[in-house]
Structure formats: C-alpha cells, structure tokens
Amino acid sequence: IVSACEQQLNTNPRDFQLLYRYAQILQVLGKIPEANRPLITMRSILQNQLIYSPQNANYLIDLALMLTRFGSFPEGLDMARRAAPYSRKNADVLYKLAQMYSVQMASHRGGKIDTNKKNEALKYLREAVALDYRLDELVNGDFYNLRTQPEFLSTIQLQSK
C-alpha cells in the first residue's frame, strides 16, 4: 500500500487526499518522521488553496485533519470550527469533522477519552450518516478511537437497516 501511494504521488504530487492517506498509513506503521513530510506538503497545498477560497469547507476540514495528524490539535480545532458553519449539508465535511474529533478524543492523556471530543465526533457522525450513509467513511482509520464505543456502533447500525 505504501509503495502504491508513492507511485501515485509520483504521478500527482499535489493530491492532498492521497498525501493524507499516505501519512495516515505511515503513522500506523510507526514511521512518524516519514509521515510528517506528506503532511507538511499537504499543509502547503491547502494553505495556498485557502488564499483563493477562504470559506471552502472541504479545504478547511482537510487542513484540520492534517493538523490533527501532525499533532497540532488546537490549530486543527480552529480550522474545524471555521469549517463547521459551512458543513451542514456536506456529508464529506461532516464525516471528516467526526474523524478529526475521533482522532483527538484519545490524545495521549494516559489513554483517557476526552468526553467532549467524543460527543462532538458522535454529533457530526450522526449528521453525516443522516445525510449519506457511506461505508467507505465509516471504515476510515480515523474512527479507530471511536470504533468500540457503543454510541458509534448504534449510530452506524441504526442507519444500516
């Protein structure tokens, strides 16, 4: 998978979605310094895009996820708050908001879950699922911290009848 990402990035080095997935995989493999390179590239691309489209919720939330993966939680939350008002009818943004909060909810605090961030993740997930039930989003690795929570399971089961 890493090799496939690298090959695709050679073809399209500005594909910030692919840069994110590549960094996500590298982090899961424990290759943190290597994962930072695509995240930094992604940040540069998105910041440039936001110069021309400062209210683009997709760019804002992708930057929020990137910052979260990079460990810059407060800045990620700022970007997410900027994206949230534009997201109400955008399932892609809502799923990513939920994913960002899911990543942040178990942030290196002795394994304790931040209840507020968990609740935010679930709130946005419910909104996203109500708009568009998307299995590809529900199996996203960014939901790892949320995947065993009863509320997560009931949210995805309710919609899959």
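Residues numbered from 1 in each chain as written. Predicted model: local features only at pLDDT ≥ 70, side-chain atom pairs only at ≥ 80, totals over all residues. Heavy atoms only, no water.

**Description of the packing of helix α4 (residues 57-69) against helix α5 (residues 73-83)**
- Packing of α4 against α5 brings their axes to within 8 Å, and their N-to-C directions diverge by 165°. What the angle tells us is that α4 and α5 run roughly antiparallel. The way α4 lies across α5 gives a crossing that is left-handed. Across the interface between the two elements, Ala57, Leu60, Ile61, Leu63, Ala64, Leu67 and Thr68 from α4 touch Phe73, Glu75, Gly76, Met79, Ala80, Arg82 and Ala83 from α5.
- For the contact of α4 with α5, the class distribution of residues is 10 nonpolar, two polar and two charged. (Axes fitted to C-alpha atoms, helices over the stretch in contact; angles between N-to-C directions. Helix = DSSP H or I, 4+ residues; strand = E, 2+ residues; numbered from the N terminus. Parallel < 35°, antiparallel > 145°, perpendicular 65-115°, else oblique. Left-handed = near helix turned anticlockwise from the far one by under 90°. Contact = heavy atoms within 4.5 Å. Nonpolar A, V, L, I, M, F, W, Y, C, P; charged D, E, K, R; others polar.)

**Let's talk about the environment of Ala121**
- Its place among the elements puts Ala121 in helix α7 (residues 115-131).
- Sequence-wise, Ala121 and Tyr101 are 20 residues apart; in three dimensions their C-alpha atoms are separated by 4.9 Å.
- Setting aside residues up to four positions removed in sequence, Ala121 forms contacts with Ala98, Tyr101, Ser102 and Leu146.

**Points about the side chain of Ser102**
- Mapped onto the elements of the fold, Ser102 is located in helix α6 (residues 91-105).
- Ser102 sits in the buried class, given a relative accessible area of 0%.
- Non-local contacts of Ser102, meaning those with residues more than four positions away in its chain, are made with Ala121, Asp142, Phe143, Tyr144, Asn145 and Leu146. (Buried < 20%, exposed > 50% of the residue type's maximum accessible area, 1.4 Å probe, protein only.)

Just geometry here; none of it tells us what the structure is for.
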